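Results of the structural survey
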Amino acid sequence: MSTASPPSPPAPTRPRFTRIVRAPEGAGSRSAPSALPGDSLAWQLLLAARAIAAVRAGRSLTEGLQTFGAEPPATRAAVADIAYGTLRRYGWGDFMLGRLLQKALPHPEAHALLLASLHRLETWPADRHTVVDQAVAAAGEIAGGAFRGLVNGVLRNYLRQHDALAAAAADDVVAAWQHPRWWIDKLRRAWPADWQAVLAAGNAPPPMTLRVNRCLATPADYRARLAALGIEARPLGESGLRLVRPVAVDALPDFATGAVSVQDAGAQRAAELLDPAPGSRVLDACAAPGGKTAHLLERGENLDLLALDIDGVRTARIEDTLRRLGLRASVRVADCATVDAWWDGRPFDAILADVPCSASGVVRRHPDSKWLRRESDIRRFARTQAAILDALWPLLRPGGRLLYATCSVFPEENAGQIDAFRVRQPGAVRLHETQLLPCDDHDGFYYALLQKSA
Ligand SMILES: C[S@@+](CC[C@H](N)C(=O)[O-])C[C@H]1O[C@@H](n2cnc3c(N)ncnc32)[C@H](O)[C@@H]1O
């Protein structure tokens, strides 16, 4: 129960099932007392609906879920599970509601509750009537209970018409592939042989992969330590261990003292490809939260590394990462494209430009991006990426190497971007190019390693 007594001083006794509900801004609700048990599915559905409504109002899921930060860990985990699952099913729930509702539902939270409940019914079919009852109880907390009858009717109709609705959804491209139409069309054009596999990977739960800090242990040694604890893992790449089942980081031996980091195997390719020589002067231009910065420092001897990020809050996370791993770098909050504001005029031997992008290669980790992105965002990202490349290139010494990286699967941000850059900079020699499409083992990434001709 979320009403467990705090240690000291003793809290005043509160009625067991009374809690204050604070809806996220813009979700269409106001603070109100709730009578739902804190460990009930109804409460979880209600909070998930509020997070989903926040996303549909334009906020990130992380922000939407932070609103419930005071809930106990088990409740937060259950709410996140429902919200992530519901948002992964882009288009599916809207398709179902399009069939089940006579007219559009104008209340964002009630609409989100229906989406979350439909998702729960699909993923928890053994106990369908409990889900319906709990959804109706959650609806009692929205708009004074005005939608209780509607929620009950819609969900029961869904159960009655399940097979016919499922067959119709299978014929609808957005409902079936659970991505926006423009996204599907773009992938189909870019990857005629692979678009379905890319979409399927985007809908699957992501793998959990560790990067072993090779200053402290070999992957084989660390794998043996995991096995001794009953945590199964298999080697992946130079320093990676892919866990068979995700675990909390607290369960990983010596995580707090830097033995391992959680980093996707695709992301681990960055430091391996840039591979700066010992003692190099390195710029990590878009560095937060510092995963690739740390990997560069773990691999490279005596690097003189400057890590920049435009976002002050995220930059603080680079410091946290380096502190945990016992690594050192200069860290600054700066717009890497406004070079005059931060560059001391000394050229870099190696630059990592892990630029802001659509994150279409990591959509399974951030399903809210399917709802938040617009097709026009891709052109906007491409303009920003080009500006960053143009600003950083003069900072590289002749013979130096720049690794351009995105976690996107859209060519405008990747090969198309680099082709256009090489027309503007004929002295940029492409040493290597890889487009990793997301799969069971890694997320989607693009890398282009460029060398400045001497
Ligand atoms: C893909 S993330 C970087 C991930 C990071 N390299 C890692 O491996 O942990 C892109 C980062 O670029 C930052 N960013 C966006 N525009 C920037 C700019 N003009 N200058 C510096 N950082 C920028 C964002 O704040 C974000 O943290």
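These remarks concern the structure in this document. Remember, predicted model here, so these are calculated numbers, not experimental data.

Let us now look at the sheet that holds strand β6 (residues 260-262). Pairing is antiparallel in the open sheet, where four strands are placed in the order β4-β5-β3-β6. Bordering the open sheet on either side are β4 (233-236) and β6, each of which pairs with just one other strand. The mean inter-strand angle of the sheet, taken between neighbouring strand axes irrespective of direction, is 30 degrees. Two strands pair when backbone bridges link them, and strand β3 (residues 209-212) and strand β5 (residues 240-243) are joined in this way by three bridges, in the antiparallel orientation. Of the residues in β5, the one forming a bridge with Arg211 is Gly240.

A word on the site of the ligand. Around the ligand sit 20 residues in total, of which Cys286, Gly291, Lys292, Ile310 and Asp354 are the nearest. Those elements giving two or more residues to the shell around the ligand turn out to be α14 (291-299) and β8 (304-309). Broken down by class, the residue content of the shell around the ligand amounts to twelve nonpolar, two polar and six charged.

This part covers the pairing of β8. Note on strand geometry: in a regular strand, side chains alternate between the two faces of the sheet. Of all six residues making up β8, five are buried, and the element is well covered by its neighbours. Bridge analysis of strand β7 (residues 281-284) against β8 gives four bridges, and the strand direction is parallel. Its bridge partner being in β8, Arg281 is matched across the sheet by Asp304.

The complete set of buried residues in helix α4 (residues 92-100) reads Trp92, Gly93 and Met96. Each buried residue of α4 lies within a common arc of 95 degrees when the element is viewed along its axis, so the set occupies one face. Structurally, α4 contributes buried residues whose contacts are with α3 (73-88), α5 (108-123), α7 (148-160), α8 (162-170) and α9 (173-177).

Conventions and cut-offs
Residues numbered from 1 in each chain as written. Predicted model: local features only at pLDDT ≥ 70, side-chain atom pairs only at ≥ 80, totals over all residues. Pairing = 2+ DSSP bridges. Helix = DSSP H or I, 4+ residues; strand = E, 2+ residues; numbered from the N terminus. Axes fitted to C-alpha atoms, helices over the stretch in contact; angles between N-to-C directions. Near = placed C-beta within 6 Å. Nonpolar A, V, L, I, M, F, W, Y, C, P; charged D, E, K, R; others polar. Buried ≥ 20, exposed ≤ 12 C-beta atoms within 10 Å, placed from the backbone. Arc of directions from axis to C-beta. Contact = placed C-beta atoms within 7 Å.

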